[in-house]
Amino acid sequence: MKILVTGGAGFIGSHTCLEMLQEGYEITVVDNLCNSKEEALIRVQAITGKPLTFHKVDLLDRQALEQVFASDSFDAVIHFAGLKAPGESVSIPLRYYQNNITGTINLLEVMAHYGVKSLVFSSSCTVYGEAKTVPIREDFPLGAINPYGRTKLMIEQILADLYTSDNSWDIALLRYFNPVGAHPSGRIGEDPQGIPNNLLPYVAQVAVGRLPELHVFGNDYPTPDGTCIRDYVHVVDLALGHLRALEKLQTHPGLVAYNLGTNRGHSVMEVIAAFEKACGHAIPHRVVERRPGDAAVSYADASKANRELGWRSEKSMDDICADMWRWQKNNPYGYS
Ligand code: NAD
Ligand code: UD1
């Protein structure tokens, strides 16, 4: 099968390309490299010993995207490309709407034109807004609390409308919880630009000495140790979820949504302890004020993905920290 992967040079995209090459898929990546490096794809090919095709193309460049579809034929598309920082999206909302929504509409129009109607879309647990209870199921009410989240929710709605208008489409919405970890080879991993927003990349940079200390955002939450609880899913497990979703699309399920998470949560303090075990030394940290907008507890009910895709997360928090540490230690400044 030939798969077009948008945003394939990014964190989750590169790990998914690696697993797909290993399972024998032919891959073409389009990415404008606004938040990634081509080096990730070079390493994916080196690790697997298999080639992929790369086009440096922006989804906003409709003509360039048309050329990619005109030059090859694809069985399905995995759509990772998008801007993803909630805080940044509050400061530059139009850029987020333009990039994520217009980019997706361009992609869908070109796909329709070329008769490619099979799509896996990178959604997020952010589409549940502030869920009232845990674990979070796919049928929970949807809502978003920042422009980034609204782009994900709007795209889900656009895809639902598209499917209503033409039910020959098959679309899997994958709602990721907290993607973390790195490939066990230590050669590809997450390479955030600037100061990381998310907990684990921050912890990893403190562990390697690139940042002085971690700020723990609040320890007065109603949780056993007072710090927030999240559902951290290893990126290799997550990548494999995309392969199972592609297989599902071949059975023509229509429009389907799945949580990709682990069914359990870890507190910030538990994450720090696991990372200290992996790197073998203390992670300097200090408790500071809560971060506005943080929910105390969030984790997935991922049983639907298990039932319908045969997917479940296999890797533990210790695997996550060991793999992230290997990547961070071997590549303290990421790909640069
Ligand atoms: P990433 O930034 O590493 O990867 C996204 C890739 O898309 C980058 O390589 C970037 O260069 C590319 N891109 C962005 N806009 C583009 C455009 N207009 N044209 C072409 N390429 C473009 O992010 P990631 O963590 O790998 O996330 C992948 C997807 O998963 C995103 O859609 C993100 O919103 C979603 N997601 C991520 C997380 C997370 O915590 N990492 C959680 C839930 C959902
Ligand atoms: C992030 C995203 C959210 C997305 C989710 C899943 C932000 C602001 N939110 O939130 O939109 O849906 O991932 O991908 O990026 N923490 C610290 N110190 C830090 C960083 C984080 O204590 O330096 C704490 C946070 O308060 C939180 C936990 O660690 O309790 C995890 O934070 P983070 O990695 O940002 O994930 P989410 O809060 O789930």
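One structure accompanies this document, and this report is about it. (Residues numbered from 1 in each chain as written. Chains lettered and ligands numbered in written order. Predicted model: local features only at pLDDT ≥ 70, side-chain atom pairs only at ≥ 80, totals over all residues. Heavy atoms only, no water.)

This next bit is on the site of ligand 2. Residues in close proximity to ligand 2 total 21 residues, the closest being Leu-199, His-215, Cys-228, Arg-230 and Asp-294. With respect to ligand 2, the side chain of Asn-198 contributes an N or O atom lying 3.0 Å from an oxygen atom. Arg-230 places a polar side-chain atom, nitrogen or oxygen, 2.8 Å from an oxygen atom of ligand 2. Alone, ligand 2 offers 740 Å² of accessible surface; in the complex the protein occludes 86% of this. Looking at the shell around ligand 2, the elements that each hand over two or more residues are β7 (178-180), α7 (199-207) and β8 (214-217). Per element, the largest residue contribution to the shell around ligand 2 is four residues, and it comes from β8. Tallied by class, the residues present in the shell around ligand 2 amount to 12 nonpolar, six polar and three charged. (Near = heavy atom within 4 Å. Polar contact = N/O pair within 3.5 Å; in protein donor to acceptor, adjacent residues only side chain to side chain. Areas by Shrake-Rupley, 256 points an atom, 1.4 Å probe, with all protein chains shown as cover. Helix = DSSP H or I, 4+ residues; strand = E, 2+ residues; numbered from the N terminus. Nonpolar A, V, L, I, M, F, W, Y, C, P; charged D, E, K, R; others polar.)

The omega torsion of the bond from Val-134 to Pro-135 falls at -5 degrees, within 30 degrees of zero and hence cis. For Leu-33, which is not glycine, the phi torsion reads 60 degrees and is therefore positive. Along the chain, Leu-33 falls in the loop between β2 (26-31) and α2 (38-48). Even without glycine at this site, His-252 takes up a positive phi of about 55 degrees. As for its position among the elements, His-252 is in the loop between α8 (235-249) and β11 (255-260).

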